[in-house]
Amino acid sequence: MENKYFLSSLDLVEDVFTTYDCEKEGRIVRQLVEEIRSKKYYVPELELIMVNEEDDVIGYAMFSRFHIEGKYEDELLILTPVAVKTELQRQHISKELLEYGFEKAKGMGFKAILVEGNPHNYNPRGFRASYNYGIEAGPNIKLPHRDCLMVKELVDGALDNMSGFVDYSFYNALHEGGS
């Protein structure tokens, strides 16, 4: 992603999550993006945006390295956040961003992607409940439902050798509740 979009992509993410949830959630997700950009987990080639004809950011998705209990960080990505300008949702913008991201990530050697979200949004993209693969939410993660933590294989059989408890405590924005 070009530097000229760094700020406008943050604004989009904050606006979308504020509209969807609340102002505090918008701030937390913005802080999360800023934090991921500053850490070793950041993969610049997998921070994706879509712009309209006026060069405004209308869609955003970030895939970054992730580990489970200190393992798999060269194979596993987490997809967070995904945001589409509120009035343009349900027009396949996120689908296009995600499909592009899956191909790019696979080409870079990543084998699987973890996401937390609504299964209705992610099941059509090939994500399945992670507990079916031995990947469980850790004790500090409060999910609305077990099915909300999902994984997708980019390479067949990639999840056969991955398991453990997911923990977000290395993200200050999530661990500290966005303070």
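Described below are features of the structure shown in this document. (Residues numbered from 1 in each chain as written. Predicted model: local features only at pLDDT ≥ 70, side-chain atom pairs only at ≥ 80, totals over all residues. Heavy atoms only, no water.)

**Some details on the overall build of the protein chain**
No. 1: Counting its secondary structure elements, the protein chain contains five helices and eight strands.
No. 2: What you see in the protein chain, going N to C, is helices and strands ordered as α-α-β-β-β-α-β-α-β-β-β-β-α.
No. 3: Relative to the compact-globule value of 16 Å for 179 residues, the protein chain shows a C-alpha radius of gyration of 15 Å, a close match.
No. 4: The principal-axis extent of the C-alpha atoms belonging to the protein chain is close to 45 × 35 × 30 Å.
No. 5: Here the protein chain holds 179 residues, and the buried ones make up 45% of them.
No. 6: Here the analysis covers contacts within the protein chain between residues at least 6 apart in sequence; of these, 67% occur between residues at least 24 apart.
No. 7: When the 20 positive and 31 negative side-chain charges of the protein chain are each reduced to one mean point, those points stand 3 Å apart. (Helix = DSSP H or I, 4+ residues; strand = E, 2+ residues; numbered from the N terminus. Rg over C-alpha atoms; globule rule 2.2 N^0.38 Å. Buried < 20%, exposed > 50% of the residue type's maximum accessible area, 1.4 Å probe, protein only. Contact = heavy atoms within 4.5 Å. Lys, Arg positive; Asp, Glu negative; His and termini not counted. Charge placed at Lys NZ, Arg CZ, Asp CG, Glu CD.)

**Notes on the side chain of Ser 130**
No. 1: Position of Ser 130 relative to the elements: it lies in the loop between β5 (128–129) and β6 (135–137).
No. 2: Among the residues examined, Ser 130 registers a relative accessible area of 1% and is labelled buried.

**Re the packing of aromatic side chains**
No. 1: Per the stated rule, a full pass over the model turns up eight aromatic pairs.
No. 2: Residues Tyr 122 and Phe 127 carry aromatic rings whose centres are separated by 5.7 Å and whose planes lie at 85° to one another, so their mutual orientation is edge-to-face.
No. 3: On the basis of relative accessible area, Tyr 122 is assigned to the buried category, the value being 12%.
No. 4: The ring of Phe 102 has Lys 152 sitting right over it, with the charged end atom 4.6 Å from the ring centre. (Phe/Tyr/Trp six-rings, centres within 6.5 Å; stacked < 30°, edge-to-face > 60°. Lys NZ or Arg CZ within 6 Å of the ring centre and 35° of its normal.)

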